[in-house]
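An overview of the molecular structure
Residues per chain, in single letters:
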Amino acid sequence: MTGRKALMVVLVALGAVPIVSGLAGLFIGPAFIPGGGSTPVSVDNNYRFIDAYWLAGGVALWWSLFRLAERAIVTRVILVIAVVGGLGRLMSVIAVGWPTPMFGIALVLELVALPLVVWWHARVVRADRKHREPAAEAQPLVRVADGERG
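Structure report, in brief. Model, not experiment: these values are computed from the prediction.

All chains considered together, the criterion is met by one aromatic pair. When the ring centre of Trp-63 is taken as reference, the NZ or CZ atom of Arg-71 above it lies at 3.8 Å.

Below, the discussion takes up helix H1 (residues 3-28). An ideal rise of 1.5 Å per residue puts 38 Å on 26 residues; H1 measures up with 37 Å between its terminal C-alpha atoms. Looking at H1, one finds that the buried residues are Leu-7, Leu-11, Leu-14, Gly-15, Pro-18, Ile-19, Ser-21, Gly-22, Ala-24 and Gly-25. Buried residues in H1 make contact with helix H2 (41-65), helix H3 (72-96) and helix H4 (101-132).

With that settled, consider a nonpolar patch on the surface. Taken together, the side chains of Val-80, Val-84, Leu-87, Leu-90 and Ile-94 define a hydrophobic patch exposed on the protein surface, amounting to about 440 Å² of accessible area. Within the secondary structure layout, Ile-94 lies in helix H3.

Turning our attention to the layout of surface pockets. One number sums up the size of the largest pocket: a volume of about 1400 Å³. If you go around the largest pocket, you meet 40 residues; those closest to its centre are Ile-50, Trp-54, Arg-89, Phe-103 and Glu-110. Mapped onto the lining of the largest pocket, the elements with two or more residues apiece are H1, H2, H3 and H4. With 11 residues, H3 is the single largest residue contributor to the lining of the largest pocket. Looking at the lining of the largest pocket residue by residue, the classes come out as 28 nonpolar, nine polar and three charged.

In this structure the tally under the stated criterion is three salt bridges. The closest approach of N and O atoms between Asp-128 and Arg-4, which form a salt bridge, is 2.5 Å. Residue Asp-128 is found in helix H4, and its partner Arg-4 is found in helix H1; the two are separated by 124 residues along the sequence. Measuring nitrogen to oxygen at the nearest pair gives 2.7 Å for the salt bridge that ties Arg-48 to Asp-44. Of this pair, Arg-48 and Asp-44 both sit in helix H2, separated by four residues, roughly a single helical turn.

Cut-off values and rules
Residues numbered from 1 in each chain as written. Predicted model: local features only at pLDDT ≥ 70, side-chain atom pairs only at ≥ 80, totals over all residues. Heavy atoms only, no water. Phe/Tyr/Trp six-rings, centres within 6.5 Å; stacked < 30°, edge-to-face > 60°. Lys NZ or Arg CZ within 6 Å of the ring centre and 35° of its normal. Helix = DSSP H or I, 4+ residues; strand = E, 2+ residues; numbered from the N terminus. Expected span 1.5 Å × (residues − 1). Buried < 20%, exposed > 50% of the residue type's maximum accessible area, 1.4 Å probe, protein only. Contact = heavy atoms within 4.5 Å. Patch = residues over 30% accessible without salt bridge, like charges linked within 9 Å, V, L, I, M, F, W, Y side chains within 5 Å. Areas by Shrake-Rupley, 256 points an atom, 1.4 Å probe, with all protein chains shown as cover. Salt bridge = Lys/Arg side-chain N within 4 Å of Asp/Glu carboxyl O. 1 Å grid on protein atoms, 1.4 Å probe; cavity = no way out; pocket = protein on both sides within 12 Å on 5 of 7 lines; lining within 4 Å. Points joined across faces, edges and corners; volume = space filled by probe spheres on them. Nonpolar A, V, L, I, M, F, W, Y, C, P; charged D, E, K, R; others polar.

Here's what the structure looks like:
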């Protein structure tokens, strides 16, 4: 499997997480998450609102895969937003303590793995662009008609 294909598999998997959990969060609410259960009405309301964004992020990530290089900024912005979300999780750990193990794993994924995926994505896109662009020296700067010199 090429680096590009491997990256796309990883991005498909990363996009599936917010799509599946976003839909579940929208329809089931906070009871979907470990330790979720019953919550105040305002927390439930805000949770479902945020899950709509979470779902949209996964959809946007999948959409960006159809044109990996042309939509590179979309992929990177979505991934960087998830990294910032990981910083929010870290702030929560500092403020109120460790969540369930699933969220500890998410924290590591967001703060360690996702920055590596952003870097990997940049390398693959750069390599794709170099491979697809004709070499500059192969293109004449000035066309010269038969017998004419510029």
